[in-house]
Amino acid sequence: MSGMEAHDARDLRTELARRVSSEATMRTQTISFEEWRREAPQLRAKSAQVLACFGPPRREKPRNATEAEFLRKIGTPERLIGTRRVI
């Protein structure tokens with residue numbers, strides 16, 4: 001992550017923390033389907049920013065060989081399968 005991306009991620013985390021702490025109660029808001037469609041691109045962009053702060057998922061806990069073999073058969077990416085457990 002570059003310096004600018006790290007700065008943006010910190011700003012986003014700070015903004016999210018501020019919103020969470022300032023909105024102690026949940027509000028219910030009814031919107032129309034058209035309003036939802038109009039707002040969807042911005043909401044997707046915000047979600048993408050939040051997910052980018054976490055980085056790609058990875059598996060660090062060792063997996064047993066049988067489970068790892070099954071996951072490979074169904075097409076699970078190797079980075080999610082993780083290391084093998086030595087018994």
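Just so we're clear, the structure is a prediction, and the values are computed from it rather than from any experiment. (Residues numbered from 1 in each chain as written. Predicted model: local features only at pLDDT ≥ 70, side-chain atom pairs only at ≥ 80, totals over all residues. Heavy atoms only, no water.)

## Points about the overall build of the chain
Part 1 of the reasoning: When its secondary structure is counted, the chain shows four helices and zero strands.
Part 2 of the reasoning: From first element to last, N terminus to C terminus, the chain shows the α and β order α-α-α-α.
Part 3 of the reasoning: Across the chain, contacts joining residues at least 24 apart in sequence account for 23% of those joining residues at least 6 apart.
Part 4 of the reasoning: For the chain, the exposed surface amounts to about 7,900 Å²; the carbon and sulfur share of it is 57%. (Helix = DSSP H or I, 4+ residues; strand = E, 2+ residues; numbered from the N terminus. Contact = heavy atoms within 4.5 Å. Areas by Shrake-Rupley, 256 points an atom, 1.4 Å probe, with all protein chains shown as cover.)

## Re helix α2 (residues 33-54)
Part 1 of the reasoning: In a regular helix each residue adds 1.5 Å, so 22 residues correspond to 32 Å; α2 covers 31 Å between its end C-alpha atoms and thus fits that length.
Part 2 of the reasoning: The principal kink in α2, of about 45 degrees, is found at Ala 40, preceding the proline Pro 41 by one to four residues.
Part 3 of the reasoning: Directly beyond the C-terminal end of α2, a positive phi value near 80 degrees is found at Gly 55. (Expected span 1.5 Å × (residues − 1). Bend = angle between axes of the 7 residues up to and from the residue.)

## Section: the side chain of Arg 63
Part 1 of the reasoning: Inspection of the secondary structure assignment puts Arg 63 in the loop between α2 and α3 (65-73).
Part 2 of the reasoning: A relative accessible area of 9% places Arg 63 in the buried class.
Part 3 of the reasoning: A polar contact is formed between the side chain of Arg 63 and the backbone oxygen of Leu 80, at a distance of 3.4 Å.
Part 4 of the reasoning: There is a polar contact of 2.9 Å between the side chain of Arg 63 and the backbone oxygen of Ile 81. (Buried < 20%, exposed > 50% of the residue type's maximum accessible area, 1.4 Å probe, protein only. Polar contact = N/O pair within 3.5 Å; in protein donor to acceptor, adjacent residues only side chain to side chain.)

## A few points about the pattern of salt bridges
Part 1 of the reasoning: Scanning the entire structure with this criterion turns up three salt bridges.
Part 2 of the reasoning: The closest approach of N and O atoms between Glu 67 and Arg 63, which form a salt bridge, is 2.9 Å.
Part 3 of the reasoning: Arg 72 serves as the salt-bridge partner of Glu 78, at 2.7 Å between the closest nitrogen and oxygen.
Part 4 of the reasoning: Relative accessible area serves as the criterion here: at 44%, Glu 78 is assigned to the partly exposed category. (Salt bridge = Lys/Arg side-chain N within 4 Å of Asp/Glu carboxyl O.)

## Considering the environment of Ala 68
Part 1 of the reasoning: Take Ala 68: it is sitting in helix α3.
Part 2 of the reasoning: Distance from Ala 68 to Leu 80, taken between C-alpha atoms, is 9.8 Å for residues twelve residues apart in sequence.
Part 3 of the reasoning: Those residues in contact with Ala 68 that sit more than four places away from it in its chain are Arg 63 and Ile 81.

## Examining α3
Part 1 of the reasoning: Measuring from the backbone nitrogen of Thr 66 back to the side-chain oxygen at the start of α3 gives 3.3 Å, which picks out Asn 64 as the cap.
Part 2 of the reasoning: Downstream of α3 by a residue or two, Gly 75 has a phi angle that is positive, lying close to 90 degrees.

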